[in-house]
Amino acid sequence: MKTFKQYIAEAKNAHLSHIDQSLLVDGSSGVKTTVNFLESLVDMLDGGTDKAIKIGLKWDGAPGLTAGIDPESGKFFVGTKSVFSKKIPKVNFTNEDIDKFHGGQGELADKLKLALKLLPKIWKDKGVFQGDLMFTPDQKSKEKIDGESLLVFRPNSISYAVSLDSDIGKQINSAKLGIAMHTRYTGDSLPEMSASFDVSKDEFKENKDVWFDDANLTDVGGALFSAEESRNMASLLKPLKKGASEAGRIINRLQGSSKGIILELLKFDNSQIKKGIGITNPKKYYADFVEWLIGEKSKKLKSFDEVKEKALRTKLKSDGKYWETVIEFISQSIVIKEKIITQLNKIKQLKTFVKTDSGFKVVGQEGFTAISDGTIVKLVDRLEFTRNLFTTSKDWDAGEKPKLWK
């Protein structure tokens, strides 16, 4: 099985692991990742001064754009994550390239052409970066929400809003394109590049046509826990830390005997989230997983007969107590994660809403990332994100389908 860091490096920042799924991805090392990150985050929000961990904001932009100076040709390009393909890299140096690689893909070609025209204006020097497209001119509108005049844009499922009279509101109003930069790529050629997440907006030049930001949250002073909240977090961390050793030992054992079932549990977990179902009872959750897995095998494998079903049920039943321990650890980490997210959502430069059929509803940010010693994990309230996704008005400003958590 790939290590957590290999998983990240090979994904080219396409999919980062959720902190509560780290043990399913990386075994006992994932258990340590979860405990260390959650403990460090709680300490930070208790007013701790440890600078080893950095918090990033996940912008709900779409599509993801990659742009910069091609290290081989020295020319400026734009594209999607397909610029890194080793077979046919779709690197766009001209509008003709965009038509060739992305023609017929809805509004994507138009967005790439606008990015190719405007992004060079903010580039200081060499470098390849990835960011989320936040708006183009057609995605901005002026709205009255709770009596306040706001400038609103919706790149995906979340609507971002800012006061029209504020400095940032004026900047966004005059800009023709908005982008949130979050990833840097380095290497001698695009297919061989590696990702890092130390991007700062200071690396780009100001220009009235492009509004940009980075993903860094440098001041968490507005999100600190109260004394009572700190005591509550300590009481939640205690059983998680106490059970970490056993969870790590068990997941390593399961990795040796049940790698395929671990992958199936990841699929099941994601499918439950999309249905808006979380873990409330580990024993019942595992029982539901067993029935789901039997159903999946029956649908997809013609050779899955009664004999094989009986054998699988026997194995799953004999390992049941181990899987329930793993699921309990995941459940405990989710509870702590969601309380951390609640605090971090108190830090807002832009207001966040979802646009429903009956108006705008206030929501939290899409999520956050935590980075330490080169390892990065996602902190996302996936149940809230799913609820928001399916209650959002479907007149998509971006002209594209919303993204689902994977």
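Parameters at a glance
Residues numbered from 1 in each chain as written. Predicted model: local features only at pLDDT ≥ 70, side-chain atom pairs only at ≥ 80, totals over all residues. Heavy atoms only, no water. Helix = DSSP H or I, 4+ residues; strand = E, 2+ residues; numbered from the N terminus. Rg over C-alpha atoms; globule rule 2.2 N^0.38 Å. Buried < 20%, exposed > 50% of the residue type's maximum accessible area, 1.4 Å probe, protein only. Contact = heavy atoms within 4.5 Å. Areas by Shrake-Rupley, 256 points an atom, 1.4 Å probe, with all protein chains shown as cover. Lys, Arg positive; Asp, Glu negative; His and termini not counted. Charge placed at Lys NZ, Arg CZ, Asp CG, Glu CD. Axes fitted to C-alpha atoms, helices over the stretch in contact; angles between N-to-C directions. Parallel < 35°, antiparallel > 145°, perpendicular 65-115°, else oblique. Left-handed = near helix turned anticlockwise from the far one by under 90°. Phe/Tyr/Trp six-rings, centres within 6.5 Å; stacked < 30°, edge-to-face > 60°. Pairing = 2+ DSSP bridges. Core = buried A, V, L, I, M, F, W, Y, C linked by side-chain atoms within 4.5 Å. pLDDT = per-residue confidence, 0-100. Salt bridge = Lys/Arg side-chain N within 4 Å of Asp/Glu carboxyl O.

**Let's talk about the overall build of the protein chain**
Reasoning step 1: Looking only at helices and strands, the protein chain features eleven helices and 15 strands.
Reasoning step 2: Over its C-alpha atoms the protein chain spans a radius of gyration of 23 Å, differing by no more than 12% from the 22 Å that the globule rule assigns to 406 residues.
Reasoning step 3: C-alpha extents for the protein chain along the principal axes are approximately 65 × 55 × 45 Å.
Reasoning step 4: Counting across all 406 residues of the protein chain, residues that qualify as buried make up 52%.
Reasoning step 5: Within the protein chain, contacts between residues separated by at least 24 positions form 68% of all contacts whose residues are at least 6 apart in sequence.
Reasoning step 6: Accessible surface, the protein chain: about 19,400 Å² in total, of which carbon and sulfur atoms supply 50%.
Reasoning step 7: Positive and negative side-chain charges in the protein chain, numbering 65 and 56 respectively, have mean positions lying 4 Å apart.

**Brief notes about helix 4 (residues 108-118)**
Reasoning step 1: Leu-108, Ala-109, Lys-111, Leu-112, Ala-115, Leu-116 and Leu-118 are the residues of helix 4 that are buried.
Reasoning step 2: Tucked inside the fold, the buried residues of helix 4 contact strand 2 (64-69), strand 3 (76-79), helix 3 (95-102), strand 4 (128-135), strand 8 (177-186) and strand 10 (210-213).

**Thoughts on the packing of helix 2 (residues 22-45) against helix 6 (residues 227-257)**
Reasoning step 1: Relative orientation of the contacting elements helix 2 and helix 6 amounts to 165 degrees, with a least axis distance of 9 Å. Between helix 2 and helix 6, the crossing angle belongs to the class labelled roughly antiparallel. By crossing handedness, the relation of helix 2 to helix 6 is classed as left-handed. Side by side, helix 2 and helix 6 meet where Leu-23, Leu-24, Val-25, Asp-26, Gly-27, Ser-28, Val-31, Val-35, Leu-38, Glu-39 and Val-42 of the first sit next to Met-233, Leu-237, Leu-240, Lys-241, Ala-244, Ala-247, Gly-248, Ile-251, Asn-252 and Gln-255 of the second.

**Quick word on the side chain of Asn-345**
Reasoning step 1: Here Asn-345 shows up in the loop between helix 10 (320-344) and strand 12 (351-356).
Reasoning step 2: For Asn-345, a relative accessible area of 16% translates into the label buried.
Reasoning step 3: Discounting chain neighbours no more than four positions away, the residues touching Asn-345 are Gly-364, Gln-365 and Phe-368.

**Some words on unusual backbone geometry**
Reasoning step 1: Looking along the chain, the bond that leaves Ala-62 and enters Pro-63 is cis, with omega of -5 degrees.
Reasoning step 2: By secondary structure assignment, the location of Pro-63 is in the loop between strand 1 (54-58) and strand 2.
Reasoning step 3: For Asp-146, which is not a glycine, the phi torsion comes out positive at approximately 50 degrees.

**What to know about the packing of aromatic side chains**
Reasoning step 1: Per the counting criterion, the structure on display carries 19 aromatic pairs.
Reasoning step 2: Three or more aromatic residues joined by ring pairs make a cluster, and in this case those are Trp-59, Phe-135, Phe-153, Tyr-160 and Trp-211.

**Some thoughts on the sheet that holds strand 14 (residues 367-372)**
Reasoning step 1: Overall, antiparallel pairing links the four strands, which are arranged 11-1-14-15 in an open sheet. A single partner strand is all that each edge strand has here, and the edge strands are strand 11 (216-217) and strand 15 (375-379).
Reasoning step 2: Looking at chain direction, strand 1 and strand 11 are connected through two bridges and run antiparallel. What sits directly across from Ile-55, in strand 11, is Leu-217.
Reasoning step 3: On top of the sheet, helix 2 reaches strand 1, strand 14 and strand 15; it is set at about 75 degrees to strand 15, its chief contact.
Reasoning step 4: With respect to the sheet, helix 10 is in contact with strand 1, strand 14 and strand 15, its orientation differing from that of strand 15 by roughly 85 degrees.

**Description of the pairing of strand 1**
Reasoning step 1: With four of its five residues buried, strand 1 lies for the most part within the structure.
Reasoning step 2: Two elements, strand 1 and strand 14, share five bridges in a ladder whose sense is antiparallel. Note that in strand 14 the partner of Lys-54 across the bridge is Ile-371.

**Observations regarding the nonpolar core**
Reasoning step 1: Leu-24, Ile-172, Trp-211, Ile-340 and Leu-350 are the most contacted members of the largest nonpolar core, which has 72 residues in total.
Reasoning step 2: With eleven residues, helix 10 is the largest single contributor of residues to this core.
Reasoning step 3: Residues within four places of Trp-211 in sequence aside, it is in contact with Trp-59, Met-134, Phe-135, Ile-168, Gln-171, Ile-172, Ala-175, Leu-177, Gly-178, Ile-179 and Leu-350.

**Quick word on the confidence of the model for the protein chain**
Reasoning step 1: Put simply, the protein chain has an average pLDDT of 90, and 91% of its residues get 70 or more.
Reasoning step 2: Per-residue pLDDT stays below 50 along residues 1-14; that stretch engages in 40 contacts with residues further than four places along the chain or on separate chains.
Reasoning step 3: Across residues 394-406, confidence stays below pLDDT 50; counting only partners more than four residues off in sequence or on other chains, it has 46 contacts.

**Considering the sheet that holds strand 7 (residues 159-163)**
Reasoning step 1: Taken together, five strands build an open sheet; the order of strands is 5-6-7-12-13 and the sheet is antiparallel. A strand with exactly one partner marks an edge of an open sheet, and here the two such strands are strand 5 (140-145) and strand 13 (359-362). Across the sheet, the mean angle from the axis of one strand to that of its neighbour is 45 degrees, orientation sign disregarded.
Reasoning step 2: With four bridges connecting them, strand 6 (residues 148-153) and strand 7 associate as antiparallel partners. Within strand 7, the position partnered with Phe-153 by the bridge is Tyr-160.

**Points about the pattern of salt bridges**
Reasoning step 1: Scanning all chains against the criterion turns up 22 salt bridges.
Reasoning step 2: With a shortest N-O distance of 2.7 Å, Lys-241 and Glu-39 are connected by a salt bridge. In this pair, Lys-241 sits in helix 6 while Glu-39 sits in helix 2, placing the two residues 202 residues apart along the sequence.
Reasoning step 3: We classify Glu-39 as partly exposed; its relative accessible area is 30%.

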